[in-house]
Amino acid sequence: VICLARGRGLALPPADIALALLHGGLLLGLGTPLYTLGARWVTAVELTILAQTETVLGPLWVWLALGETPAVTTLVGGALVLTAVVGRTLAGVRSAPAAD
């Protein structure tokens, strides 16, 4: 409704359609099965924290690839979550039982 009200219509540029298909078909099509396979060896807590790294690193990839500068609060929040991921990983390594 907003697009129509602004006179833009609903047609998408072919480049945007190609990027959406690439993301949905390739990235999600490969990432989701790999995430599911990894669930056999990783705890639910670690999987949840690992999934958060995608959200944390998203602005970083956009910054590096497209030059869009994230806000300081975005970087601080990302650093906080990334610190939790690293902390949880290190705690899991220390508490893991020794292999026989």
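Residues numbered from 1 in each chain as written. Predicted model: local features only at pLDDT ≥ 70, side-chain atom pairs only at ≥ 80, totals over all residues. Heavy atoms only, no water.

Points about the overall build of the protein
Per the secondary structure count, the protein includes 4 helices and 0 strands. The order of α-helices and β-strands along the protein, N terminus first, is α-α-α-α. A compact globule built from 100 residues would reach a C-alpha radius of gyration of about 13 Å, whereas the protein, at 19 Å, exceeds it by more than 25%. Reported as C-alpha extents along the three principal axes, the dimensions of the protein are approximately 65 × 35 × 25 Å. Taken as a whole, the protein presents about 8200 Å² of accessible surface, with 72% of it coming from carbon and sulfur. (Helix = DSSP H or I, 4+ residues; strand = E, 2+ residues; numbered from the N terminus. Rg over C-alpha atoms; globule rule 2.2 N^0.38 Å. Areas by Shrake-Rupley, 256 points an atom, 1.4 Å probe, with all protein chains shown as cover.)

Observations regarding a nonpolar patch on the surface
Taken together, the side chains of L19, L22, L26, L27, L30, L34, L37 and W41 define a hydrophobic patch exposed on the protein surface, amounting to about 870 Å² of accessible area. Tracing the backbone through its elements, the reader meets W41 in the loop between α2 (14-38) and α3 (44-66). The exposure class of W41 is exposed, given its relative accessible area of 67%. (Patch = residues over 30% accessible without salt bridge, like charges linked within 9 Å, V, L, I, M, F, W, Y side chains within 5 Å. Salt bridge = Lys/Arg side-chain N within 4 Å of Asp/Glu carboxyl O. Buried < 20%, exposed > 50% of the residue type's maximum accessible area, 1.4 Å probe, protein only.)

Here's the deal with α3
Taking 1.5 Å of rise per residue, 23 residues should cover 33 Å, and α3 covers 33 Å from first to last C-alpha, within 8% of that figure. Those residues of α3 that fall on the buried side of the exposure criterion are L47, T53 and V56. Looking one or two residues beyond α3, the residue adopting positive phi is G67, at roughly 80°. (Expected span 1.5 Å × (residues − 1).)

Focus on the environment of T32
Among the structural elements, T32 can be located in helix α2. At a separation of 3.1 Å, a polar atom in the side chain of T32 contacts the main-chain carbonyl oxygen of L28. (Polar contact = N/O pair within 3.5 Å; in protein donor to acceptor, adjacent residues only side chain to side chain.)

So, the confidence of the model for the protein
For the protein, per-residue confidence averages 83 on the pLDDT scale, and 92% of positions sit at 70 or higher. Mean pLDDT in the protein bottoms out at helix α4 (residues 72-95), which sits at 80, and peaks at α2, which reaches 87. (pLDDT = per-residue confidence, 0-100.)

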